[in-house]
Amino acid sequence: MNDNDSMIEVYVYENLQLLEQLEEMLLDNKKEMSLTRQQIDEVFRVMHTIKGSSAMMGYNGLTQLSHSVEDVFAILRQNPEVPKDEWQRIFDLVLECVDFFKTQIAMVQEGLLPDGDIEELHAGSVELLERLSALDVSDEPAPVTPAPAAFTPPAPTAPVAQPVQPRVVSEAPAPESAPAPEAESAGSHYYYARIIFQQGCAMESVRAFAIVNALGGMYSRIAHIPEDLNVNCDEAVIANGFKLYIETTLPEEQIKETLEDTIFLQSLELSELSDASAIPVPLKRGELPIAAESAPVKEPSARTENPEKDAAKAAQSAAAGAKLAPKPRENTANPAAAQNAKTSNFLSVKIGRVDKLMDLVGEIVTTESMVSRNPEVAALHIESFEKSTRRLRQLTDELQDVVMSIRMVPIMATFRKMQRIVYDMSRKVGKETELILLGEQTEVDKNVIEKLSDPLMHMIRNSMDHGLESPEERRQAGKPEIGTITLEARNVGSDVMIVVADDGRGLDRDAIIRKAIEKGLTTKPESAISDREAFSFITLPGFSTNDAVTEYSGRGVGMDVVCTNVEKMGGTLSIESEKGAGTTFTLHIPLTLAIIDGMEVHVGDEHYIIPILNIRESFESRLYDLIVDPNGDETIIIRGQCYRVLRLHKLFGVEKGISDFKQGIMVLVESEGNSACLFVDRLAGEQQVVIKPMPAFIARTISRRSYLSGCSIMGDGSISLILDVNSLTRDDYSA
Amino acid sequence: MKRVLIVDDAAFMRISIRNILTKNGYEIAGEAGNGAEAVQKYTELHPDIVTMDITMPEVNGIDALKQIRGMNKDAVIIMVSALGQEAMVRDAVLAGAKGFVVKPFKEETIIAALSKL
């Protein structure tokens, strides 16, 4: 990777992170619809950083846009008291810019040039700036220049008088002791200097200012062209050079030395003038702000004696000179700053590397069991070998846990994204909505998080669009006008449970059933359809149609896509709803898609894996009586509870499987509140398995594919199929 | 070999400067992400040169400059500023900054500035 690639990577990573933070902050403040001084500083800084790095990368559009937003916040820093509707515009502008920056940065990530059209946003930002500047003028009694603050020259600094004389005296005793300032002093030399700065060094007027500052104490009187260095006169300095006239008792050599120290000095002309008459501008002394300002800084003793006063003075001068809001110095003041300080303890790693590591660990887990369960070695019963393999097993377990934990990230970022969607949509559809986030700290595998974002977004949109009623309807129904959507994440065993609940109008069960029957999605009589079943119709492809949007509160729109996505992750979706009270979508997603603890069971020559978390107990079949109903469906009763029996050999068509009920083993499994007894030949032992997606050719040749969640390579190299207990127990099927 | 402390709240800028300086024979004494950290690292590391960003959280570059110059009046600090920060750069000059570069800068620009120090 060359320098440029790594810089692009840092550029993308850092700026995206800043934009996320920014977006989050704005959304957190949407209720107040204003920002605190610190938050304004924060936005300013983010824009400033984006501007700086974009400029370095040569992304002109992004530089220009971030600069104009920065200017808006520079104005706000001076005057944060703006009317609410202006705040609304500011929020809109920044959020739109955040979106724009994100798409542009995504282009950078793809290796493209971010050449999106900034025109509209830039114009919006300039317009806002003008309006805020106008406000600034009318609100602020002090005559502050309303132009972009970034370009505002500092007001002449206040504490001019006191420190000037003593300092100048101490640093340049010779000229100061000379009397009669206005007259030509005896022994004085007059020098003319013309300084040209290197092309493109920028801020030439400030560089000229710095030269005068550097000469501080070396002259008795001074004059220069341009005369006022506190305003932007870059053009003049570039065109004509910076001309200096100095009255001093010091030798030319000393002046030359100081001038030659100037950074970015292209050329220096220095000559002595015969007298002051050749100087076209009046020589001045003591009027430069230089001495006044630098005094406290150049006197360390004063500082140590009275640090507090000094700090106050520094803050004051900063406020006066740069119009910078005094910044709090306490550590506690700024959480973002505190976070910034902490960041050095974190290491950001490319996800690709962690993926690779995860793959390797998966291979190690497999190989470990290949070695430790090697039948030939196992037959030797070597105690030391078994001891070592046990230790190896422990270590691979630990290694796996660690790698898994690296991949775990809080779901917070995904949840926060939803806040933005609610913010945008609530304005679009005119339904004020509160999004309550619970369990944001819940950690989920990075891969899962990425795949979760789309389904969640879809469900939230559905809830906003169709679930929640209009404020009018809500008022009539006696509900609070502001709708509520709750987004909650929680760990449940090896799954993460995600709930999207709204307090809207709920699903119309009867209408859905009618529609399902009409569409031929079910053949059951209406009375035999449970609520759960009825609601699950909306996740079937083909249920969602345009008229469903209006007739059945449109919950069908895209829900089949959501359901498919969730199932692809090995998860499940269930729906509960009460008419008039709201709808709750519950997702169960495995925390990780990679490794599970499984029980290996044998059926004939076939090996299957049942996830340990789904197993409640296992027992010999002969302990219980088998009940067969007239349809041929088999059940057994355990402790008074009736369970369906699923014979795996029948289900998967395994010919050699044990069919005598008394000789087999029962495994009672449970998922999502549904349970069943799986009938197998024997249990072969517990082990960790790495889930591999089912190769397409296997998937095609196996019947009942949907009852399998994947496959795994076992220690001896054979392939086991992993049972999807959820679909096994849920489905109403006849084997 | 001159030892440089790089102060900037943006990792991008720190890395840019670091890459340029190491390529040109400077040693990176350390890096800091805000003014407070800069002051602390300055006292710990005693670098020959500090490159100081201006806009930073908590303690900005100007305040950090003042604090460092308060401890050591010979501290060599060069400001890394951006267009639009003229006023603050003037402040920095008054507070004793030895010079300043303006973002975006080229490799030769910052090296030219540092070689003068």
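Residue numbers run consecutively from 1 along every chain, following the written order of its sequence. By the order in which they are written, chains take letters starting at A while ligands take numbers starting at 1. Where local features are concerned, this predicted model is filtered to residues with pLDDT of at least 70; where side-chain atom pairs are given and counted, the filter is 80 or more; whole-chain, interface and lining totals use all residues. The side-chain values count all of the structure's non-hydrogen atoms but skip hydrogen atoms and water molecules.

What follows concerns the overall build of chain A. Secondary structure summary: chain A contains 27 helices and 22 strands in total. Relative accessible area decides the class of each residue, using a 1.4 Å probe on protein chains only: under 20% of the type maximum gives buried, over 50% gives exposed, and in between gives partly exposed. The buried share among the 735 residues of chain A stands at 48%. Counting only contacts in chain A whose residues sit at least 6 apart along the sequence, the fraction spanning at least 24 positions is 71%. We get accessible surface area from the Shrake-Rupley algorithm with a probe of 1.4 Å; when it comes to residues, only the shown protein chains can shield them. Roughly 35400 Å² of accessible area belongs to chain A as shown, and the carbon and sulfur atoms make up 52% of that amount. Every helix listed is a DSSP run of H or I at least four residues long, and every strand listed is a run of E at least two residues long, numbered separately from the N terminus. Contact definition: two residues touch when any of their heavy atoms are within 4.5 Å.

Residues and elements named next belong to chain A. With their axes 11 Å apart at the nearest point, helix α3 (residues 60–78) and helix α4 (residues 84–109) run at an angle of 155° to one another. On the basis of their axis angle, the class for α3 and α4 is roughly antiparallel. Judged by the sense of rotation from one axis to the other, the crossing of α3 with α4 is left-handed. Of α4, the residues touching α3 (which contributes Leu62, Leu65, Ser66, Val69, Phe73 and Leu76) are Trp87, Ile90, Val94, Cys97, Phe100, Phe101 and Gln104. Lines fitted to C-alpha atoms define the axes, with helix axes restricted to the stretch in contact, and inter-axis angles between N-to-C directions lie between 0 and 180 degrees. Working rule for angles: under 35 degrees goes down as roughly parallel, over 145 as roughly antiparallel, 65 to 115 as roughly perpendicular, anything else as oblique. Handedness of a crossing follows from how the near helix is turned relative to the far one, being left-handed for an anticlockwise turn of less than a right angle and right-handed for a clockwise one.

All names here are of chain A. Strand pairing is assigned whenever DSSP identifies at least 2 bridges connecting the two strands. Pairing geometry for strand β6 (residues 433–438) and strand β8 (residues 483–492), over 6 bridges, is parallel. Within β8, the position partnered with Glu434 by the bridge is Thr484. Where β8 meets strand β9 (residues 495–502), 8 bridges bridge the pair, whose relative direction is antiparallel. Bridge pairing in β9 links Thr486 to Ala501.

What follows deals with the pattern of salt bridges. All names here are of chain A. Every case where a carboxyl oxygen of Asp or Glu lies within 4 Å of a side-chain nitrogen of Lys or Arg is listed as a salt bridge. Summed over the entire model, instances satisfying the criterion amount to 43 salt bridges over all chains. Linking Asp41 and Arg77 is a salt bridge whose minimum nitrogen-to-oxygen distance equals 2.8 Å. With a gap of 36 residues between them, Asp41 in helix α2 (residues 37–57) and Arg77 in helix α3 connect regions that are remote in the sequence. Residue Arg77 is classed as buried on the basis of its relative accessible area, which comes to 6%. Across the pair Asp605 and Lys656 runs a salt bridge whose closest N-O atoms are separated by 2.9 Å. Residue Asp605 is located in the loop between β12 (595–603) and β13 (606–611), and its partner Lys656 is located in the loop between α25 (648–651) and β18 (665–671); the two are separated by 51 residues in the primary sequence. One exposure class covers both Asp605 and Lys656, and it is exposed.

Counting residues in each nonpolar core, the largest one holds 125 residues, and the members touching the most others are Phe73, Phe242 and Leu244 of chain A together with Met52 of chain B. The greatest single-element share of this core, amounting to 12 residues, is contributed by α4 of chain A. Two domains each donate at least three residues to this core, and these are domain 1 (3–151) and domain 2 (161–296) of chain A. Beyond its immediate chain neighbours, meaning those up to four positions away, Leu244 of chain A contacts Tyr191, Tyr192, Ala193, Ile195, Ile211, Val212, Leu215, Ile222, Ala223, His224 and Leu259 of chain A. Membership of the second largest hydrophobic core comes to 45 residues, among which are Ile513, Phe537, Val566 and Met569 of chain A. Among buried residues, the Ala, Val, Leu, Ile, Met, Phe, Trp, Tyr and Cys ones that are joined through side-chain atoms within 4.5 Å form a nonpolar core. Domains are outlined according to an automatic or database domain assignment.

The patches described consist of residues with a relative accessible area above 30% and no salt bridge, like charges being joined within 9 Å and nonpolar side chains (Val, Leu, Ile, Met, Phe, Trp, Tyr) within 5 Å. In summary, the charge assignment counts Lys and Arg as positive and Asp and Glu as negative, without counting His or the chain termini. Where a charge lies is defined by one atom per residue type, namely NZ (Lys), CZ (Arg), CG (Asp) and CD (Glu). A contiguous patch of negative charge on the surface is contributed by Glu96, Asp117, Glu119 and Glu120 of chain A. With respect to the helices and strands, the residue Glu120 of chain A is situated in helix α5 (residues 119–139).

Another point: the sheet that holds strand β19 (residues 674–680) of chain A. Residues and elements named next belong to chain A. Taken in spatial order, the 6 strands make up an open sheet running β14-β18-β19-β17-β16-β15, and their pairing is mixed. Each having just a single partner strand, β14 (615–620) and β15 (626–628) make up the two edges of the open sheet. Averaged over all pairs of adjacent strands, the angle between strand axes in this sheet comes to 35°, irrespective of strand direction. Here β14 pairs with β18 via 5 bridges, running antiparallel. Within the sheet, the bridge partner assigned to Glu617 lies in β18 and is Leu668.

Residue and element names in this part refer to chain A. Put simply, α4 and helix α18 (residues 412–428) touch, their axes get as near as 13 Å, and they point 125° apart. By the angle between their directions, the pair α4 and α18 is classed as oblique. Where α4 crosses over α18, the handedness of that crossing is left-handed. Here Gln88, Phe91, Asp92, Leu95, Glu96 and Asp99 of α4 come into contact with α18, specifically with Arg420, Tyr423 and Arg427. Only Asp, Glu, Lys and Arg are considered charged, only Ala, Val, Leu, Ile, Met, Phe, Trp, Tyr, Cys and Pro nonpolar, and every remaining residue, Gly among them, polar. Of the residues that constitute the contact of α4 with α18, the class distribution is 3 nonpolar, 1 polar and 5 charged.

Let us look at the confidence of the model for chain A. Residue and element names in this part refer to chain A. For chain A, mean pLDDT is 78; residues scoring 70 or higher make up 79% of the total. Note: pLDDT gives the predictor's confidence per residue, expressed from 0 to 100. The model gives residues 287–344 a pLDDT under 50, and that stretch makes 93 contacts with residues more than four places away or in other chains. A low-confidence stretch, residues 545–556 stays under pLDDT 50, and its non-local contacts, those more than four residues away or across chains, total 30 contacts.

Let us look at the environment of Ile196 of chain A. Residues and elements named next belong to chain A. By secondary structure assignment, the location of Ile196 is in strand β1 (residues 189–197). Sequence separation of Ile196 and Gln266 is 70 residues, and the distance between their C-alpha atoms is 5.4 Å. Among all residues touching Ile196, those that are not within four sequence positions of it are Gly241, Phe264, Leu265, Gln266 and Ser267.

Looking now at the sheet that holds β6 of chain A. Strand pairing in a sheet is mediated by backbone hydrogen bonds. Such pairs are either parallel or antiparallel. Residue and element names in this part refer to chain A. In space, the 5 strands of this open sheet follow the order β6-β8-β9-β11-β10, with mixed pairing throughout. Looking along the sheet, the strands with just one partner apiece sit at the ends: β6 and β10 (572–578). Neighbour-to-neighbour, the strand axes of this sheet turn through a mean angle of 15°, independent of strand direction. Two strands pair when backbone bridges link them, and β10 and strand β11 (residues 582–590) are joined in this way by 7 bridges, in the antiparallel orientation. Within β11, the residue paired with Glu578 across the bridge is Gly582. Its contacts with the sheet put α18 on β6 and β8, and the angle it makes with β6 is roughly 175°. Set on the sheet, helix α24 (residues 559–568) makes contact with β10 and β11; between it and β10 the angle comes to about 140°.

Residue and element names in this part refer to chain A. Within the element layout of this structure, Glu634 appears in strand β16 (residues 634–638). Polar contacts, as counted here, are pairs of nitrogen or oxygen atoms within 3.5 Å of one another; within protein the pair requires one atom able to donate a hydrogen and one able to accept it, and residues that are adjacent in sequence qualify only if both atoms are side-chain atoms. For Glu634, the side chain forms a polar contact with the side chain of Arg647, separated by 2.7 Å. Those residues in contact with Glu634 that lie beyond four places of it in its chain are Leu626, Ile627, Val628, Tyr643, Arg644, Val645 and Arg647.

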